[in-house]
Every structure is written in C-alpha cells, then in structure tokens.
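Each chain, written out:
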Amino acid sequence: MAKPMIQAVDVVKSFGDVKALNGVSLSVPEGSIHGLLGHNGAGKTTLVHILSTLLEPTGGTARVCGYDVTAEAEEVRRCIGLTGQFASVDEQLNGRENLALVARLLGASRRQALARANELLELFELTDAATRPVLQYSGGMRRRLDIAASLVGGPRVIFLDEPTTGLDPNARIGVWETIERLAKDGTSVLLTTQYLEEADRLCEQITVLSAGSVVADGNPAELKAEVGERLVTVTLATRSDMEAAVRALEAAGIRATPQESGTALSAPVAAAADLAVVVRILSDAHTEIAELAFSEPTLDDVYLKLTHEPTRTPVPA
Amino acid sequence: MTVIDAEATPRPTTRPTLSVSEEWGGSNLLTQTLALTGRSVRPYLQPGVLIVTFIEPLVMLLMFGGVLRALGDTVAPQGSDLSYIAGLAPAIMIITSVAAGAQAGNGLINDLRNDVITRFHTMPISRFSVLLARSLADAARSLYQLIAVAVLAALIFGFNPPGGILGVVGSILLSLFVGWSMSWIFIALAAVLRNGDVLRMITTLCTFPLLFASNAFVSPESMPVWLRVVAEANPISYANDAMRSMVAGQASLTELLTTVGVSCVLVAVCAPIANRSFKVL
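Residues numbered from 1 in each chain as written. Chains lettered and ligands numbered in written order. Predicted model: local features only at pLDDT ≥ 70, side-chain atom pairs only at ≥ 80, totals over all residues. Heavy atoms only, no water.

Our focus in this paragraph is the domain arrangement of chain A. Entries for chain A in the domain assignment read domain 1 (4-220) and domain 2 (229-296). The C-alpha centroid of domain 2 of chain A is placed 42 Å from the C-alpha centroid of domain 1 of chain A. (Domains from an automatic or database assignment.)

Structure representation (structure tokens):
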C-alpha cells in the first residue's frame, strides 16, 4: 500500500456542546479515491474543513501530504485543492480570469497563469465559455470550473465536497469522469457524497459517517455485501398471473413477495445479472411483464442496517 | 516527426508533473494584493455602477451646494476669504471618501457570503492580503469619486481655489488616505460581527455623527458646547482643516501631520483586529 496522503486519527470537533466529529479515523493512499458517505449533518463537511485547514480539530491529529493540518497548515495549503458544496468561483469574473487569478496567487507569471488557465479550460470543455462571466454559467459548468480552479496548482490531494449534488444526470457523469481521471493522474481524492451509487462507482474505499462517528468502512463490495439486498420489482400485465408468477419464482428458489397493489411483486437478487434469470423464469411461466425495475441499496438501507437508527435524523443538538 | 508534434502540444493534464510550489514558487504579498484588488474592483467597473458612482458626488454637490448656501456662508475657515464652493468642496470630498470607506465593511460581508473567499483560505497566500485588497478596492472607487467631485465643482460652481491644482490634488490624496484608514474600522467591524444587518446599523450610526459633528458644514463655534467638543476631536475635522488650508494655498504641515498621524493610529489599531478575526468558518 502506498504511503497515506491523508491520514486522520481520532479526529474530534466540538462546536460548544455539540460534537460534530466524535473520533474519526481514515487513511487515503496516493492516487486513490476515498469516499466519505453520510447524510446531511453526519460530519462529512466538518472533516473536510479540518483536513483543508479551514477549521482546527478539537482533538486527534490529521496529516495531509505528510504535514500536520494545525502545526503545518501553510505546507498543507501548498498541496491541496478544495471544491466546496457551493461553487468557490468569482461570479463577476469570467472562466479564464477565475483560473488565471488562482494561478497568479500561486506565483505563476501572467503568461504561465494564462497558459495554465487555457489548458484547464480545454480539459474541462469550457473553452467556448472562457470569456463569459461565471454568472451566466449553468450548474454543471460552474462545478467543472470550480474543480478546475482547485486543480490549477496541480495539487497532490483534492477534496471534493458533494461535487455532484444538484447536478443533472449528464453533468453528474461528466464530473465522475473528471474524478476518475484525477486519480489516474496520481491525485489522491477525498470525496463526500450522500449517494451510495456514486461512492460505489468511484471509490476504492468508503467510510460511512453517522452523527460524527464512523459506522462502517471498507471497499464498496464489502459494504454492499454487509448491507445486502438489491431488489427487483416486476409489474405484471395481467393481475391474474400473480399466483403463477410467485409460484414459478419460488420453484427456482427466489423469494417473491406480492405487493399491495396486487399487480407487482418484488424479489431480492444478488446482482443485476440476475434480472435476466427472473425474466426467463417469468416468460417460461407464460406471465407477461409490463414493467421491470431494479433498485440498488441506498444510503438509507446502509444506515438502517449499520446503525439501526431511523434515517434522516439530524445530529442531536 | 510524430514524437515532436506530441511534445509540442502535450495532452492537457489535471496534474502537472511538478507541483506548483516547486514550479511557480508561490507569490509575495504585493502580487497577492494586486491580483485580489483587481478582483474586488471588478464589480465597480460595470458601466451602470460607474455612472451611479459618478452621480453620487454630483447629487451631494448640488444638494449641499444649494441647501447649505441658504444657511449662510459658515463653512469657510475663520478669517479666510475662500469662496463658498472652495470651503464646501473639501467637505464633500471627505464625506465621499468616508462613505466609500464605510462601504468596505459591506464589501467584506459580501465577500464572506461568496465562497471564493473559502478557496483563498485554503491556498498558500496571506489572509491579510484579502483584507488589504478589500480596502484598496474601495479606495480606488473613492479616488474615482473624489476626482469627480473636483471636476464637477469646477464645471458647475467654478471651483478654482487659490491653492490651485496642487492644493486640489493634495486635498484629494489626503481625503483618500483618511477614507482608506477609516475603512479599517468597518473592515474590522465586519470581520468581528460577520453580520450584514448589524454592520449596516452600526455603519449608519457611526457615519452620521462623524460627518455632521465636524466642521465640514457648520463651524463648531455655532454648536452647543457638548457637540463642539465632539466636533473638535473628530478626525474628520482635522482632515477638513488640512484640506481647506491646502485649497486656500496655505498648506499647514502641522495640520497635515496631525491628520496623517490620526489616520495611521486608526489603521494600526483596526487592521490587526480585522486580521485576527478574519475567518471564513
């Protein structure tokens, strides 16, 4: 395993009487994408703020790029990039000026700053919008520019705080591809998200936070195995087929449960590939399928399974 | 050939082989301040904003020129034969620059609401440069207005004082400096309070007495005793005296040094408070 670029050990953060983080530890090796999964108020953003030197921890230690975030904050700032939940770009400036400003602040000459800005605009497909004020950008463009701004200095570690929240599906996939590319180029990524699907697609390791504590960590496969079931929901074309359908599936060892509507049934399956099995069984039983849906376990399922707590609970104040 | 082409146009990458601290070596306070001032000045450069910014001193000149003149010729320094406008123009200048300085607090609050400041705080730059840039951006706006006051006063009221162009330029610069130093009061307040509503109330509460309990419009001799004490201690009165002398062609080194000294004390007290309280979270 490569040396950790981000290392948090028992990090505690209190705001008055409220404990936002209750001893969180994680370790992210070079060039890997680490997911921080949790609902609003779980403490994800607080941890990101501590690791990016915006907040000081109340207890525990955190090192980024090998430097202590409190004692060596200046060195940490030299090697990180942060993209927050809201675009950290200047709306009054255009795309190119935003990137060039960041480069100038990092010590680039005017010429170097412009070159780096153009390079990143190209990379993030923003060249056409380079001279438009950011005020006129769409949500997806803004987010891309924001990520680009975090990358101007070629940081070794980048923090992405809910980079896809509020984006449409297309823009979301664009951001995902960017993140994958970052890791391929050797950047270590800490990504916070509320979506298990996103963490599953991108991350090598996932830490699940709930109310400021780590409730699980591992790779996505381990996590999902722990959480278990994906569900296939079949809506039948004819209500009277229900009995035959359930019987056929159960004969094949699949536990099917008719739903209250009387036209749909649901059954747990191990993987998406098992959909085909369900379809074949039902067609062999001469039952006609009107609709087919497959659902991955959600963060709610993870929470329910791991914490046995009702979901969507805010941090106790 | 292919190899050379590939080297000439390298594939853009998210991450250059060298990290920036190695390649670019970081920036100094001057570069940071200039780059950030350029950013903060940007909203002021929109045509609409430029026009309104220009109209502000025009309205003040016309208003005070008309209204106060009706009260009688009370603002010229004792014993001088300055024209009414020559006595009024410095007062309008100091109002203008103090108002611009007070605006710096709101500017900082707006900046704090904008997440770009969060980015600056995660970068290897001086946080003080962000505040310095804020104060300089409002000083730049103030300079534009001060020039407008001088030009409009000359065009509309025939402002052509004995102190000549040198006296006028001197007044503009002194006024600029005083306004800039006062902006640190409001930047410090904004950094400590971090609340736009409270800040606006305090700003209004401070600026009115500062402006009116001074010798800017009415000579303190005609004020009740308690108000006269305030007016004579008011830094704006010092500035005003120094500027009127310059405009009259009788610049006084004592008045100048006193004014600059008071302003420097203001900055020396407020800037460190602002810097220490300046946090994004």
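Scanning the model with the defined rule gives 1 disulfide over all chains in all. Here Cys65 of chain A connects covalently by a disulfide to Cys79 of chain A, the sulfurs 1.9 Å from one another. Between Cys65 of chain A and Cys79 of chain A, the disulfide has an S-S torsion of 105° and is therefore right-handed. Taken together, the residues Cys65 of chain A in the loop between strand S4 (59-64) and strand S5 (67-68) and Cys79 of chain A in the loop between helix H2 (73-77) and strand S6 (80-83) connect sequence positions 14 residues apart. Each member of the pair, Cys65 of chain A as well as Cys79 of chain A, is classed as buried. No disulfide involves Cys203 of chain A; its nearest neighbouring cysteine sulfur is the one of Cys65 of chain A, lying 19 Å away. The class of Cys203 of chain A is buried, set by a relative accessible area of 6%. You can see Cys270 of chain B has no disulfide; the closest cysteine sulfur is in Cys206 of chain B, sitting 11 Å from it. (Disulfide = S-S within 2.5 Å. Helix = DSSP H or I, 4+ residues; strand = E, 2+ residues; numbered from the N terminus. Buried < 20%, exposed > 50% of the residue type's maximum accessible area, 1.4 Å probe, protein only.)

This part takes up the sheet that holds strand S13 (residues 264-269) of chain A. Strands in a sheet are paired, the pairing made by backbone hydrogen bonds, and the direction either parallel or antiparallel. All names here are of chain A. If you trace the 4 strands from one edge of the open sheet to the other, you get S12-S13-S11-S14, paired in antiparallel fashion. The open sheet terminates on both sides in strands that have one partner only, identified here as strand S12 (257-258) and strand S14 (289-295). Against the sheet, helix H9 (residues 242-251) touches strand S11 (230-236), S12 and S13, its axis set at about 10° to S13. Each of S11, S13 and S14 is contacted by helix H10 (residues 274-284), which is oriented at about 155° to S14, the strand it contacts most. (Pairing = 2+ DSSP bridges. Contact = heavy atoms within 4.5 Å. Axes fitted to C-alpha atoms, helices over the stretch in contact; angles between N-to-C directions.)

Turning to the interface of chain B and chain A, a few remarks are in order. The extent of an interface is frequently quoted as the accessible surface area lost upon association of the parts. With 34 residues of chain B in contact, the opposing surface of chain A contributes 46 residues. Between chain B and chain A the total buried area reaches about 3,700 Å² when both faces are included, carbon and sulfur atoms providing 59% of it. Counting across the interface, chain B meets chain A through 3 salt bridges. Notably, a salt bridge pairs Asp146 of chain A with Arg119 of chain B, separated by 2.3 Å at the nearest N-O pair. (Buried area = accessible area lost by both parts, 1.4 Å probe. Salt bridge = Lys/Arg side-chain N within 4 Å of Asp/Glu carboxyl O.)

Our next topic: the side chain of His121 of chain B. Tracing the sequence through the fold places His121 of chain B in helix H6 (residues 116-121). Given a relative accessible area of 1%, His121 of chain B falls into the buried group. In this structure His121 of chain B touches Thr53, Leu54 and Arg77 of chain A together with Arg127, Phe278, Lys279 and Val280 of chain B, once residues within four positions along its chain are discounted.

What follows is about the packing of helix H5 (residues 84-113) of chain B against helix H9 (residues 196-212) of chain B. All names here are of chain B. Orientation of H5 relative to H9, taken along the N-to-C sense of each, is 170°, at an axis distance of 10 Å. Judged on the interaxial angle alone, H9 and H5 are roughly antiparallel. Each of Ile95, Val98, Ala102, Gly105, Asn106 and Ile109 in H5 lies in contact with H9, whose residues at this interface are Gly196, Leu199, Arg200, Thr203, Thr207 and Leu211. Of the residues assigned to the contact of H5 with H9, the class counts are 6 nonpolar, 5 polar and 1 charged. (Parallel < 35°, antiparallel > 145°, perpendicular 65-115°, else oblique. Nonpolar A, V, L, I, M, F, W, Y, C, P; charged D, E, K, R; others polar.)

Take helix H4 (residues 110-123) of chain A next. All names here are of chain A. Its 14 residues place the ends of H4 20 Å apart at the C-alpha level, agreeing with the 20 Å of an ideal helix rising 1.5 Å per residue. Check the buried side of H4 and you find it contacts helix H3 (95-105), helix H5 (139-151) and helix H6 (169-184). Residue Glu125 follows H4 closely and has a positive phi angle near 55°. (Expected span 1.5 Å × (residues − 1).)

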